[in-house]
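Listed below, chain by chain, are the residues.
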Amino acid sequence: MSLLVVGLSHRSAPVSVLERASLAADTQAKLLQDTLAAEPATEAAVLATCNRIELYADVDKFHAGVAELSTLLAQHSGVGLEELTPYLYVHYEDRAVHHLFSVACGLDSMVVGEGQILGQIKDALARGQELHTAGRLLNDLFQQALRVGKRAHSETGIDRAGQSLVTFGLQQLAAGADPALWAGGKRALVIGAGSMSSLAAATLARTGVAEIVVANRTRARADRLVEILQQGDDTAVRARAVEMSAVGDELTRADIVVSCTGSTGLVLTADALADALGVALDAAPEAPAATAHAPAPDDVDQHAAWVENGSAASAAHAGPATPRRVTVPAQSTGPVRLALLDLAMPRDIDGAAHRIDGVRLVDIESLAEASADAPMAADVDRVRTIVSDEVAAFGAAQRAAHVAPTVVALRTMAADVVAGEIARLDGRLPDLDEKQRAEITQTVRRVVDKLLHAPTVRVKQLASEPGGAGYADALRELFDLDPQTVAAVSRADLNDPNRGRS
């Protein structure tokens, strides 16, 4: 079996496609179940964030796996396969491991070095475990990815290479000013009470806003977030919770609005924003179309050929994708009366808010464009080295683990042979006393252990190298091991409740 990932992200697809392809929690669960029901896959996990949708699977057939996973993503996202395919990327085996480890370290994030992705990877693993779709390979993979991400953040200055999406968004709203000076004393409205909204509220509190109002569909969660904000020792912000029905009134008093909900429709329309400000929603000309040069993963351009032809014979690394034409709406001019930060996918705030006088809107799309030119810290190179080392170590460990059940089965067979011969000796020499029998038994066991030590140690070393999986098969053939015994050892290891816990 082999690891395969098929997905799309802000690097391969425009925000408009990511927005339409976003997966709700119940849709993700159905996608995982349907993936396991598909013939090529035995394990599955889905990593879905505002910037990426990736389906991981352990498959026995590469071409069939790519086609099946692509089809399932299209079906559950609601975006047609023909439209979705040009934006999909494919990674296989070690390259798939390298991709997830890079994601965990924040190297593939819109804002390089941000740490929120670690929580999202943890949630993806927990979902796969809860639905029993993550088996040995994906459990090991995602747990190791979390460790690699934590190592990158603790051993390097990757955090300095970028900030959280919230911090970066506030910097964009401040338009070059110090965010603390810009936000100091302002009133903020936070719509939503999930993880990203909670992070936004905490960031705003540390930035120095005077008041934070939290609106959420479930009032209890809004109350809980307000309680957490008021318990913070490093801030003195006023905080209160309101019902979603009060958002319109709160807009008339707010200076900053951050929205990140799970809504599938707009939370704030342009008309509602214009009404709150008491201005007319005037049409404004669009700015000239800008060219977005999004770096495409190596496999993007090969994907369509794999799906259509089922062949990767010519899957050489593709060159850069053709630049996409992205139309950027013109921002209103004049003093900013209301600053809007939309961190939701699909978007919460109507893009037409760009045309309202006195409004500045920063959303996922504008953040993607701004982060494309963000400076890369020298520590990024160190993180890339960590990722490469960890990928090699993970591959070696997985290959060594593949031969371990065979080694255990071989030693079990040897122990059975020793026990049988000792029983036979007891029948032929019944007058042996306990000391003599124990000495003979220990001698026979030492002989067998010494004979097996060198080949079992060597086969583990060889199996950890690329292409070493065949050594386990050779060992089974040479010693005529029962495949059922080897399989039983594998199942016992997989069902060990303490396995893989960190």
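Every value quoted in this text rests on a predicted model; they were computed, and no experiment measured them.

Each value, and the rule that gives it
- Residues numbered from 1 in each chain as written.
- Predicted model: local features only at pLDDT ≥ 70, side-chain atom pairs only at ≥ 80, totals over all residues.
- Heavy atoms only, no water.
- Phe/Tyr/Trp six-rings, centres within 6.5 Å; stacked < 30°, edge-to-face > 60°.
- Helix = DSSP H or I, 4+ residues; strand = E, 2+ residues; numbered from the N terminus.
- Buried < 20%, exposed > 50% of the residue type's maximum accessible area, 1.4 Å probe, protein only.
- Core = buried A, V, L, I, M, F, W, Y, C linked by side-chain atoms within 4.5 Å.
- Contact = heavy atoms within 4.5 Å.
- Pairing = 2+ DSSP bridges.
- Axes fitted to C-alpha atoms, helices over the stretch in contact; angles between N-to-C directions.
- Polar contact = N/O pair within 3.5 Å; in protein donor to acceptor, adjacent residues only side chain to side chain.
- pLDDT = per-residue confidence, 0-100.
- Salt bridge = Lys/Arg side-chain N within 4 Å of Asp/Glu carboxyl O.

### As for the packing of aromatic side chains
Argument step 1. If you walk through the whole model with that rule in mind, you get 3 aromatic pairs.
Argument step 2. Note on Y56 and F142: the rings are 5.3 Å apart at their centroids and 80 degrees apart in plane angle, and the pair reads as edge-to-face. One end of the pair, Y56, is in strand β3 (residues 52–59); the other, F142, is in helix α7 (residues 136–155), with 86 residues separating them in the sequence.
Argument step 3. Assessed through its relative accessible area of 0%, F142 is described here as buried.

### Description of unusual backbone geometry
Argument step 1. P346 follows M345 through a cis peptide bond whose omega is 5 degrees.
Argument step 2. One can find P346 in the loop between β11 (338–342) and β12 (359–362).
Argument step 3. In this structure, H132 takes a positive phi of about 60 degrees despite not being glycine.
Argument step 4. Counting through the fold element by element, H132 comes out in the loop between α6 (116–130) and α7.
Argument step 5. Under the relative-accessibility criterion, H132 is labelled exposed at 67%.
Argument step 6. Although it is not a glycine, A175 adopts a positive phi angle of roughly 55 degrees.
Argument step 7. Among the secondary structure elements, A175 is positioned in the loop between α9 (165–174) and α10 (179–183).
Argument step 8. The class for A175 is exposed, based on a relative accessible area of 53%.

### Remarks on the nonpolar core
Argument step 1. Ranked by size, the top nonpolar core spans 69 residues in total, and within it L204, I212 and L343 carry the most contacts.
Argument step 2. Once you skip the residues sitting within four places of it in the chain, L343 turns out to touch C50, L165, V166, M196, V258, S259, C260, I364 and L367.
Argument step 3. Membership of the second largest hydrophobic core comes to 35 residues, among which are A45, A96, L137 and A152.

### Here we look at the sheet that holds strand β2 (residues 41–48)
Argument step 1. Strand order in this open sheet of 4 strands is β2-β3-β1-β4, and the pairing throughout is antiparallel. Of all the strands in the sheet, the pair left with one neighbour each is β2 and β4 (89–92). Direction aside, the axes of adjacent strands within the sheet are offset by 15 degrees on average.
Argument step 2. Of the pairings in the sheet, the one linking strand β1 (residues 2–9) to β3 comprises 8 bridges and is antiparallel in character. In the strand pairing of β3, L3 is matched with D58.
Argument step 3. Each of β2 and β3 touches helix α2 (residues 25–37); the most contacted strand, β2, lies at about 160 degrees to it.
Argument step 4. Most of the contacts of helix α3 (residues 62–77) go to β1, to which it runs at about 35 degrees, and overall it touches β1, β3 and β4.

### What about the side chain of Q28?
Argument step 1. Mapped onto the secondary structure, Q28 falls in helix α2.
Argument step 2. Classification of Q28 by relative accessible area gives buried; the value is 5%.
Argument step 3. Side chain to side chain, Q28 and R127 meet in a polar contact 3.0 Å long.

### Thoughts on the confidence of the model for the protein chain
Argument step 1. Averaged over the protein chain, the pLDDT score is 81; the fraction of residues at 70 or greater is 81%.
Argument step 2. Taken as a whole, residues 283–330 scores under 50 in pLDDT and shows 80 contacts with residues more than four places along the chain or in a different chain.
Argument step 3. Confidence over residues 497–502 falls short of pLDDT 50; this stretch has 8 contacts with residues more than four positions distant or in other chains.

### Overview of the pattern of salt bridges
Argument step 1. In total, this model carries 22 salt bridges according to the counting rule given.
Argument step 2. Residue R347 is joined to E19 by a salt bridge in which the shortest nitrogen-to-oxygen separation is 2.6 Å. Here E19 lies in helix α1 (residues 15–21) and R347 lies in the loop between β11 and β12, a separation of 328 residues in the sequence.
Argument step 3. With a relative accessible area of 22%, R347 lands in the partly exposed category.
Argument step 4. Between D363 and R347 there is a salt bridge; the shortest N-O distance is 3.9 Å. One end of the pair, D363, is in the loop between β12 and α16 (364–371); the other, R347, is in the loop between β11 and β12, with 16 residues separating them in the sequence.
Argument step 5. Several salt bridges converge on common partners, so that one network encompasses R11, R52, E54 and D108.

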